[in-house]
Amino acid sequence: MPNAATLTPTAAPLLSATDLKAALDARDEIALLDVRETGQYARQHLLYAVSLPLWRIGWLVDRLVPRRDTRIVLTDLDGSLVQEAAARLAGLGYVDVSALAGGTLAWAAAGYEVFSGTNVPSKAFGEVVEREAQTPHIDVRTLREKIQRGDKVVIVDGRTPQEFRNFSLPGAHSIPNAELPYRVRELAPDPGTLVVVNCAGRTRSIIGAQTLIDAGLPNPVAALQDGTMAWLLEGHALEHGRAPLQPEPSPAHLARAREDAQALARRAGVVRIEARELAAFAADTTRTLYRFDVRSAEEYRAGHLPDWRWAPGGQLVQATDEYVGTRGARVVLADWDGVRALVTAAWLAQLGLHEVFVFSPGPSADAELETGDERVRILREPGTPLAPWIGVRQAQELADAGQARIFDIDKNPLFARRHIAQAAFSAPDSLPRWLDALPGGTVAVITSTDGALAQLVASELLRRGYDVRALAGGSQAWFDAGLPTGSGREAILTGEDDARADSYAYDDPAVRNRKFREYLDWEVGLLAQIERPGGETPFRVAGRPGHAAPAR
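Scoring rules and cut-offs
- By convention here, each chain's residues receive numbers from 1 onward along its written sequence.
- Only residues with pLDDT of at least 70 get local features here, since the model is predicted, and only at 80 or more are side-chain atom pairs given and counted; chain-wide, interface and lining totals rely on the full set of residues.
- Excluding hydrogens and water, the side-chain values take into account all heavy atoms of the structure.
- Residues grouped as a nonpolar core are buried Ala, Val, Leu, Ile, Met, Phe, Trp, Tyr and Cys residues, joined through side-chain atoms within 4.5 Å.
- With a 1.4 Å probe rolled over the protein chains alone, any residue whose accessible area is under 20% of its type maximum counts as buried; one over 50% counts as exposed, and the rest are partly exposed.
- In DSSP terms, a helix is any run of H or I states spanning at least four residues, a strand is any run of E spanning at least two, and both are numbered starting from the N terminus.
- Here a residue-residue contact requires only that any non-hydrogen atoms of the pair lie within 4.5 Å.
- One fewer than the residue count of a helix, multiplied by 1.5 Å, yields its expected span.
- Lines are fitted to the C-alpha atoms to define the axes, a helix being fitted only along its stretch in contact, and any angle between axes, read from their N-to-C directions, falls within 0 to 180 degrees.
- Relative orientations are named as follows: roughly parallel for angles under 35 degrees, roughly antiparallel for angles over 145 degrees, roughly perpendicular for angles from 65 to 115 degrees, and oblique for any other angle.
- Each crossing gets its hand from how the near helix is turned against the far one by less than a right angle, where anticlockwise is left-handed and clockwise is right-handed.
- UniProt positions are given in the numbering used here, feature names are shortened, and annotations may be inferred rather than shown by experiment.

A few words on the nonpolar core. Residues Val270, Phe292, Leu316, Leu333 and Leu348 are the most contacted members of the largest nonpolar core, which totals 48 residues. A total of nine residues in this core trace back to one element, the largest contributor, which is helix α16 (residues 340-351). Setting aside anything within four residues of it in sequence, one finds Leu333 in contact with Phe292, Val294, Trp308, Leu316, Ala341, Thr344, Ala345, Leu348, Phe357, Val358 and Phe359.

In structure tokens:
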């Protein structure tokens, strides 16, 4: 075992569960960060804890908590990881870091509710919306009967285009939730056509359907109850690999969508700001500011405001905690078309976790646009040695000769789908265990999708004294070179510690269906959980009650 170099200890002040509860109730800016790997976090955590795994801090924290003097409270399962995480954050310039004494177990022991799963605030919000707004739903059997009768029905899938490409309902159209009022009239111009919104489970079906109802679409609208899970549970097949072609709105339909979006935003209390106010927000060092462009990936790449992040509107509502780590922060959305940012802002305002604003760039913005993907800034502590790179051919030669062992540390579902043939998968926090067991003289090669995360993790291992390399270009470079690949979960060393496996990934239908039912029961059960101490929410549903559910 090498002599592991340790971080300079920084004793983070400890908070009791009662103190943390008071801080959360105060509604001031606060970032509650759980530093376990995300799969471990998903087993039990505080409602408003955001996943920031210890070994991925430099990869994620600048996006989740951009202001260095934000009040940060760290948590984990039992308090065993928070001091190391606090030292790492201090090394990156964060100056107000404390920790929950005893972690999640202490929170539960104090009588406060703990939650499982991911994106829990957003998913609980979806259940509240369905209850309070009486969002109509339609079950799979009834939908199929309508289709077979030849009734006027349009199915729209509110998930991301990539998810739609992976699998979709037969005949469904891909329109992500925030795009629905913007595009749906092209598919259902007849107000007598029933519009059914589906997702993979529940939340986006509910939010998508209620979006159209709140936006004043004259058509009958319903959420597909339990989404594509219900479709498979009923024994029907999904389609795979369909192109997510989205219709562009006609001038007349766009004008109507703008009117509806403005009314929706007004009811939700969304505030518009001008350039002067945005500049004041950016100059205010006492508050956190997030700026998002919610258009499609293609539109974002073609031109976006400098330093504005990409967050497709539907996902910003569905998985808010993956984009915004500071509760109570200011969130500004760029309004390019008068529809999508307003719709997204309306839902974020009702979610109630942040101050939400909309900014219209105006004609002069074209002179200062950036192109391409969002820039990701990786933070490294000063003086941290950079792990050396190794090319894919050399890595293959060493692995074939038994002189190197390749470890993938990205996400286990990605690894199961396709991976380097010689690789094993490990959550980053378990790597020292496996590296300690390697024969002497064996080099550890660390890989991730593009290699950037791999070098961050490999550099930490190097600091601890291990002989490591980061795979240049990551696993994608290996794939592009046509080198041997594999699939499956057999070489996953740490189970679901880093991320829960997708319920859809199970090959055995009986296992998959059991996972579906467990998931659906969990999601519906969130309504009871948020009624208990430690589960209080600021949700405010401004939506209109839905029309009666479609009859057979």
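Between its first and last C-alpha atoms helix α6 (residues 120-133) spans 20 Å; for 14 residues at 1.5 Å apiece the expected length is 20 Å, and the two agree. With eleven of 14 residues buried, α6 lies mostly within the body of the structure. Those residues of α6 that are buried lie in contact with α10 (203-214), α15 (313-318), α16 and α22 (509-529). One or two positions beyond α6, positive phi appears at Gln134, with a value near 55°.

Okay, the packing of α6 against α10 next. Closest axis-to-axis distance for the α6/α10 pair is 9 Å, and the angle between their directions is 50°. The orientation of α6 relative to α10 falls into the category oblique. In terms of crossing hand, the pair formed by α6 and α10 is left-handed. Contacts between α6 and α10 involve Ser122, Lys123, Phe125, Gly126, Glu127, Val129, Glu130 and Ala133 from the first element and Thr203, Ile206, Ile207 and Gln210 from the second.

Let us look at the UniProt feature "domain: Rhodanese" (unreviewed entry) in the chain. Following the UniProt record, one finds the feature "domain: Rhodanese" (unreviewed entry) at residues 26-116, 149-240, 293-375 and 400-487. In this annotation, residues 26-116 is assigned 32% helix and 15% strand; the end-to-end C-alpha distance for the span is 24 Å. The span residues 400-487 is 36% helix and 23% strand, and its two end C-alpha atoms sit 18 Å from each other.

A few words on unusual backbone geometry. Not every positive phi belongs to a glycine, and Arg27 is a case in point at roughly 65°. Summarising the element assignment, Arg27 is placed in the loop between α1 (17-25) and β2 (31-34). The backbone phi angle of Asp226 is positive, close to 65°, even though this residue is not glycine. Here Asp226 is to be found in the loop between β10 (221-224) and α11 (227-233).

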